[in-house]
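These are the residues of each chain, in order.
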Amino acid sequence: MNASHPWSAERAMTIVESNRHLRGALLPILHALQEEFGYIDEQAIPLLATELNLSRADVHGVVSFYHEFRREKPGRHIIKVCRAEACQSMGANALVDHIKKSLQVDFHGTTADGAFTLEPVFCLGNCALSPAVMIDENLHGRVSPDRFDELAAETRTNPQAHQQIPRALSHKGHAQ
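Undergrad: Would you mind showing me how to read the sheet that holds strand S4 (residues 138-140) here?
TA: The strands making up a sheet associate through backbone hydrogen bonding, with each pair oriented either parallel or antiparallel. The strand order S2-S1-S3-S4 describes an open sheet built from 4 strands, whose pairing is mixed. Two strands close off the open sheet at either side, each with one partner strand: strand S2 (116-121) and S4. The sheet shows a mean angle of 20° between the axes of neighbouring strands, taken without regard to direction. Pairing of strand S3 (residues 133-135) with S4 involves 3 bridges; the strand directions are antiparallel. Residue pairing for S4: Val-133 is matched across the bridge by His-140. Where helix H6 (residues 92-103) meets the sheet, its contacts fall on strand S1 (77-82), S2 and S3, and the angle it forms with S1 comes to roughly 155°. The strands touched by helix H7 (residues 145-157) are S1, S2, S3 and S4; relative to S2, the strand with the most contacts, the crossing angle is about 140°.

And the structure:
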């Protein structure tokens with residue numbers, strides 16, 4: 001589950017202070033801010049520029065360059081769908097179409113009820129069990145549209161219910 005806190009300039013300053021000594025401190029600070037708040041608030045741009053002696057354009061450029069940084073508060077749960085070739089060859093494009101229609105959002109969008117944010121990723125490292133989807137930090141393999149609907153429903157009603165470890169391969173190389 002996405003456990004972010006509301007934006008706080010005071011908390012942001014604490015994060016800046018605890019990381020400013022690092023070489024190339026901007027990236028570690030941005031990662032820490034996103035971990036704390038779930039996104040990079042607009043107020044963080046001038047704050048970081050001032051505190052790190054950078055221009056606002058420099059900070060904005062870094063935030064906008066890296067797709068991992070969000071500029072808006074995400075949903076309570078983050079759904080990442082693998083877009084790599086292995087997953088595409090196993091039906092990920094149809095799965096993506098189904099997910100977008102089911103959630104009524106596009107990539108980087110959040111559902112109207114704030115439950116889910118949908119993100120594309122270009123490899124989840126689960127190629128043998130493609131197509132792969134990650135909900136929060138839980139990886140799921142061989143996700144069909146029906147299985148996605150089950151996972152989404154379980155996540156809405158019981159955020160811990162969807163946790164699944166992909167099935168291991170037996171000694172003969174077949175899925176168990």
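Undergrad: I tried to follow the packing of helix H3 (residues 44-52) against helix H4 (residues 56-65) on my own but got confused; where do I start?
TA: Axis angle and axis distance: for two packed helices, these are the angle between their axes and the distance between the axes, and together they describe the pair. For the pair H3 and H4, interaxial distance at closest approach is 8 Å and the crossing angle is 120°. Here H4 runs oblique to H3, going by the angle between their axes. Crossing handedness for the pair H3 and H4: right-handed. For the pair formed by H3 and H4, the contact residues are Ile-45, Pro-46, Leu-48 and Ala-49 on the first element and Arg-56, Val-59, His-60 and Val-63 on the second.

Undergrad: It is not clear to me how a nonpolar patch on the surface should be interpreted in this structure. Could you clarify?
TA: A cluster of nonpolar side chains, contributed by Leu-27, Phe-65 and Tyr-66, occupies part of the molecular surface with about 300 Å² of accessible area. Summarising the element assignment, Leu-27 is placed in helix H2 (residues 26-37). Classification of Leu-27 by relative accessible area gives partly exposed; the value is 31%.

Undergrad: Just checking my understanding: could you explain the pairing of S1 for this structure?
TA: Here is the key point about a regular strand: its side chains alternate between the two faces of the sheet. Taking burial as the measure, the 6 residues of S1 include 6 buried ones, the bulk of the element. One ladder, built from 6 bridges, connects S1 with S2; its direction is parallel. Within the sheet, the bridge partner assigned to Ile-79 lies in S2 and is Leu-118.

Undergrad: Help me understand the environment of Val-59, please; the structure alone is not making it clear to me.
TA: Take Val-59: it is sitting in helix H4. Linking Val-59 and Leu-26, residues 33 residues apart in sequence, is a C-alpha distance of 7.8 Å. Not counting residues up to four positions away in its chain, the partners in contact with Val-59 are Leu-26, Ile-45, Leu-48, Ala-49 and Leu-54.

Parameters at a glance
Residues numbered from 1 in each chain as written. Predicted model: local features only at pLDDT ≥ 70, side-chain atom pairs only at ≥ 80, totals over all residues. Heavy atoms only, no water. Pairing = 2+ DSSP bridges. Helix = DSSP H or I, 4+ residues; strand = E, 2+ residues; numbered from the N terminus. Axes fitted to C-alpha atoms, helices over the stretch in contact; angles between N-to-C directions. Contact = heavy atoms within 4.5 Å. Parallel < 35°, antiparallel > 145°, perpendicular 65-115°, else oblique. Left-handed = near helix turned anticlockwise from the far one by under 90°. Patch = residues over 30% accessible without salt bridge, like charges linked within 9 Å, V, L, I, M, F, W, Y side chains within 5 Å. Areas by Shrake-Rupley, 256 points an atom, 1.4 Å probe, with all protein chains shown as cover. Salt bridge = Lys/Arg side-chain N within 4 Å of Asp/Glu carboxyl O. Buried < 20%, exposed > 50% of the residue type's maximum accessible area, 1.4 Å probe, protein only.

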